[in-house]
Amino acid sequence: MENDIISPENLVYQKPTLMNDVPMHYCPGCSHGVVHKLVAEVIEEMGMEDKTVGVCPVGCAVFAYRYLDIDWQEAAHGRAPAVATGIKRLWPDRLVFTYQGDGDLACIGACETIHALNRGENIVIIFINNAIYGMTGGQMAPTTLMGQKTSTCPYGRVPELHGYPLKMTEIAATLEGTCYVTRQSVETVAAIRGAKKAIRKAFEASMEGKGSSLVEIVSTCNSGWKMSPKKANDWMQENMFKFYPKGDLKDTIK
Amino acid sequence: MAKTEVTLMKGNDAIANAAIRCGVDGFFGYPITPQSEIIETLSLLKPWETSGMVVVQAESEVASINMVYGAAGAGKRAFTSSSSPGVALMQEGISYMAGAEIPGVVVNVQRGGPGLGTIQPSQSDYYQATRGGGNGDYNVIVLAPASVQEMADFVDLAFDLAFKYRNPAMILSDGVIGQMMEKVVLPPFKARLTEDEIKSKYPWATFGRTKDREPNIMTSLELKPEVMEERNIKLQKKYQTIKDTEVRYETQKCDDADYVIVSFGSAARISEKAIEMAREAGIKVGLFRPITLWPFPTKQICDIAKGKKGILVVEINAGQMVDDVRLSINGAVPVEYFGRLGGIVPEPDEIVEALKSKLIK
């Protein structure tokens, strides 16, 4: 019988135990689910289930607290790095991270993001950059590419009307308080492995008191971009990676 | 150090010193006149080397209140301080704290407004403080100190009330009380709570999910309106309990009085002198001083007004608390208002004059 192979000794992969058994609200093809899983796996592998506090953003990941079986605080729009600062300063042996989108982090929360990173708070910021406001229905983000169409730049982003896309990760790399700044993605198995390694490295650095880390995940928003998941991945590889090149921008962890 | 040692200090310094003694875990703030002595004194006293209290100068008032949100949501005694324009910026965070039932403390050493206004004292944030101040149906517990001693005493009280009800509490002071020096007896030293104490006293807090419980989540978000209405009804019940239980006030010379001055904070101190002058002139006046501005001493003011010829509400604003006094008394007795604006503090003789012209004729 073919079902004979489904037995504990043949187990090679399973859902992380920290992932709750609830349906996700994310659109099919969205990168959030993969990144949530990676965060859950890393917390589990580090044995930090009982000592982790996550901070949710306002945006598509506003309900991240439903999906990972850890303590969470839901921050006001953009304020997650300040909330994380308050938690980490008073619980220094806890693993404290924020999980934020591009609108939350690079627009309304740019001030909190830059200053938390520059103070060298021992926190990790997971930054999902899909170049659009997903939750509110596809408006222009600070990271929307030139020429990209959204519901608030329906004829394409042009500098005289909309200014330029913001490279927050490049800014973060210039700050004295950061120890590890990297840009990853999760559209292929190799990319997922790389992103997981980066998250693990950042989480460990924060627990070793080495300073702030920013892990950007260049992501798709196939609903907001009005593309199939496959086409969204192709579009991201062709357009996003040119402007947001992958790789480590800063690494002082030795 | 003896508990009864009397020292001379500014109201702002009393807040800072009291916080260290009251087992406060963290302060997060941003400089603004006339309250900068709070963060300056805390920075000078280095409590992180003694009690372990953390002091962080934040990048803004917006960040400060959100740091308090994070720390208090994780079960720690955390507070921030600012003055009027800065407290306006904090309203978002205070509303979120009320919604998520997070027990932090905010000190407002008020200055004149609107806008950037002036750095001189004012009480013009009364509406903002007592009506919630941010979006949504909520209330903040508001304590109004009228002396440097009360600045010191209300720190511990504000934290106790905040944690008792899982609600933000505010010390609504002003530039007079913050800047003036008076003798004060500081509270005795109290240790900060240990990790085990926090876990047992505040099992709702986010200090990391232990295996014996479900995750704790601090959030004000709920998309289902039926559930959100229930949550609001629960909050309103809590506010009613606070109204029934936590009203604080003080009266002076009301028993034989024909007239009563209702006044809070520094205006009440000036009114005390005015009452002395009025009595010397043969006018029998008493003082009713609300200490909690929310919950407001509605019933107590109503009781005190019985048989009186009139009430004069004295406040350093354009007439804000007078609304609450009128709502309390509901037309039973004439209620008039006197105040000065824009950072001008009224003189006692002006108050006596107002009493004569508005009520005695």
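Residues numbered from 1 in each chain as written. Chains lettered and ligands numbered in written order. Predicted model: local features only at pLDDT ≥ 70, side-chain atom pairs only at ≥ 80, totals over all residues.

This part is about the overall build of chain B. On a plain count of helices and strands, chain B comes out with 14 helices and 15 strands. In terms of overall dimensions, chain B is globule-like: its C-alpha atoms have a radius of gyration of 21 Å, near the 21 Å expected for 361 residues. Summarising its shape, the C-alpha atoms of chain B cover approximately 70 × 50 × 40 Å along the three principal directions. Every one of the 361 residues in chain B was classed for burial, and the buried ones make up 55%. The long-range fraction of contacts in chain B, counting pairs at least 24 apart against all pairs at least 6 apart in sequence, stands at 78%. (Helix = DSSP H or I, 4+ residues; strand = E, 2+ residues; numbered from the N terminus. Rg over C-alpha atoms; globule rule 2.2 N^0.38 Å. Buried ≥ 20, exposed ≤ 12 C-beta atoms within 10 Å, placed from the backbone. Contact = placed C-beta atoms within 7 Å.)

With that settled, the discussion passes to the overall build of chain A. When helices and strands are counted, chain A shows 10 helices and 7 strands. Considered along the principal axes of its C-alpha atoms, chain A spans approximately 60 × 50 × 30 Å. Residues counted as buried form 53% of the 254 residues belonging to chain A. Across chain A, contacts joining residues at least 24 apart in sequence account for 68% of those joining residues at least 6 apart.

Take the packing of helix α3 (residues 80-90) of chain A against helix α5 (residues 110-118) of chain A next. Residues and elements named next belong to chain A. Running from amino to carboxyl end, α3 crosses α5 at an angle of 35°, the nearest separation of the two axes being 7 Å. Facing α3, whose interface residues are Pro 81, Ala 82, Ala 84 and Thr 85, α5 presents Glu 112, Thr 113 and Ala 116. Within the contact of α3 with α5, the residues separate by chemical class into 4 nonpolar, 2 polar and 1 charged. (Axes fitted to C-alpha atoms, helices over the stretch in contact; angles between N-to-C directions. Nonpolar A, V, L, I, M, F, W, Y, C, P; charged D, E, K, R; others polar.)

This part covers the interface of chain A and chain B. At the interface, 29 residues of chain A touch 34 residues of chain B. Going through the elements one at a time, β1 (52-56), β2 (71-74), α3 and α5 of chain A are the ones with two or more residues in the side of chain A that touches chain B. Of the residues forming the side of chain A that touches chain B, the biggest block, 8 residues, is contributed by α3(A). Of the residues that constitute the side of chain A that touches chain B, the class distribution is 14 nonpolar, 5 polar and 10 charged.

Another aspect to go through is the sheet that holds strand β12 (residues 285-290) of chain B. All names here are of chain B. One open sheet holds the 5 strands; their spatial order is β10-β12-β11-β14-β15, and the pairing between them is mixed. Among the strands making up the open sheet, the edge pair consists of β10 (249-252) and β15 (335-338). Across the sheet, the mean angle separating the axes of adjacent strands is 20° when strand polarity is ignored. Contacting β10, β11 (259-262), β12 and β14 (310-314), helix α11 (residues 265-280) runs over the sheet at an angle of about 170° to β12. Helix-sheet contacts for helix α14 (residues 348-360) involve β11, β12, β14 and β15, and the interaxial angle to β14 is about 140°. (Pairing = 2+ DSSP bridges.)

As a further point, take the nonpolar core. Membership of the largest hydrophobic core comes to 189 residues, with the highest contact counts inside it found for Ile126(A), Ile199(A), Val142(B), Leu143(B), Ala158(B), Ile311(B) and Val313(B). Ranked by residues supplied to this core, first place goes to helix α7 (residues 148-165) of chain B with 10 residues. Both domains that furnish three or more residues to this core are identified here as domain 1 (6-185) and domain 2 (249-360) of chain B. When sequence neighbours within four positions are dropped, the list of residues in contact with Ile199(A) reads Leu38(A), Val39(A), Val42(A), Ile126(A) and Val215(A). (Core = buried A, V, L, I, M, F, W, Y, C linked by C-beta atoms within 7 Å. Domains from an automatic or database assignment.)

The next point concerns the environment of Gly156(A). All names here are of chain A. Along the chain, the position of Gly 156 falls in the loop between β4 (124-129) and α6 (159-162). Gly 156 gets classed as partly exposed once you count the C-beta atoms within 10 Å, which come to 14. Beyond its immediate chain neighbours, meaning those up to four positions away, Gly 156 contacts Gly 147, Gln 148 and Lys 149.

One rule of thumb: low pLDDT means the predicted coordinates there are not for detailed reading. In this model, chain B carries a mean pLDDT of 97, and residues with pLDDT of at least 70 account for 99%. For this predicted complex, the interface score ipTM comes out at 0.96, while the overall pTM is 0.97. (pLDDT = per-residue confidence, 0-100.)

All right, on to the pairing of β1(A) then. On a regular strand, one side chain projects to one face of the sheet and the next to the other, so that they alternate. Residues and elements named next belong to chain A. With 5 of 5 residues buried, β1 lies mostly within the body of the structure. Neither face of β1 is open: one carries Thr 52, Gly 54 and Cys 56, the other Val 53 and Val 55, and all of them are buried. Of the strand pairs in this sheet, β1 and strand β3 (residues 95-101) are connected by 4 bridges, and their pairing is parallel. Residue Gly 54 lies in a different strand from β3, and its bridge partner there is Phe 97. With 4 bridges joining them, β1 and β2 adopt parallel strand pairing. The partner of Val 53 across the bridge, within β2, is Asp 71.

The peptide bond linking Gly113(B) to Pro114(B) adopts the cis configuration, its omega dihedral lying at 0°. Relative to the helices and strands, Pro114(B) is located in the loop between β5 (105-110) and α6 (126-130). In this structure, the amide linkage connecting Trp294(B) to the following residue, Pro295(B), adopts the cis form with an omega of 0°. Structurally, the position occupied by Pro295(B) is in the loop between β13 (292-294) and α12 (298-305). One non-glycine residue, Ala131(A), lies in the positive phi region at around 65°.

All names here are of chain A. Between helix α1 (residues 32-46) and helix α8 (residues 189-207), the least distance of the axes is 10 Å, while the angle of their chain directions is 45°. By the angle between their directions, the pair α1 and α8 is classed as oblique. Here α1 runs over α8; the crossing is right-handed. Side by side, α1 and α8 meet where Val 34, Leu 38, Val 39, Glu 41, Val 42 and Met 46 of the first sit next to Ile 192, Ala 195, Lys 196, Ile 199, Arg 200 and Phe 203 of the second. Residues belonging to the contact of α1 with α8 are distributed by class as follows: 9 nonpolar, no polar and 3 charged. (Parallel < 35°, antiparallel > 145°, perpendicular 65-115°, else oblique. Left-handed = near helix turned anticlockwise from the far one by under 90°.)

In an α-helix, one turn spans 3.6 residues; hence positions three or four apart end up facing the same way. Residues and elements named next belong to chain B. Here helix α3 (residues 61-73) contains 13 residues, and its C-alpha end-to-end distance of 18 Å stays within 8% of the 18 Å for a straight helix at 1.5 Å per residue. Burial of α3 is extensive: 13 of the 13 residues sit out of reach of the surface. Of the residues one or two after α3, Gly 75 is the one with positive phi, at around 85°. (Expected span 1.5 Å × (residues − 1).)

All names here are of chain A. Taking burial as the measure, the 7 residues of β3 include 7 buried ones, the bulk of the element. Here β3 shows two buried faces, one formed by Leu 95, Phe 97, Tyr 99 and Gly 101 and the other by Val 96, Thr 98 and Gln 100. As judged from the 5 bridges shared by β3 and β4, these two strands associate in the parallel manner. In the strand pairing of β4, Thr 98 is matched with Ile 125.

Now for the sheet that holds β2(A). A sheet is described by the order of its strands in space; here 8 strands give the open sequence β7(A)-β5(A)-β6(A)-β4(A)-β3(A)-β1(A)-β2(A)-β9(B), paired in mixed fashion. Whereas interior strands pair on both sides, the edge strands pair on one side only; in this sheet they are β7 (247-251) of chain A together with β9 (217-218) of chain B.

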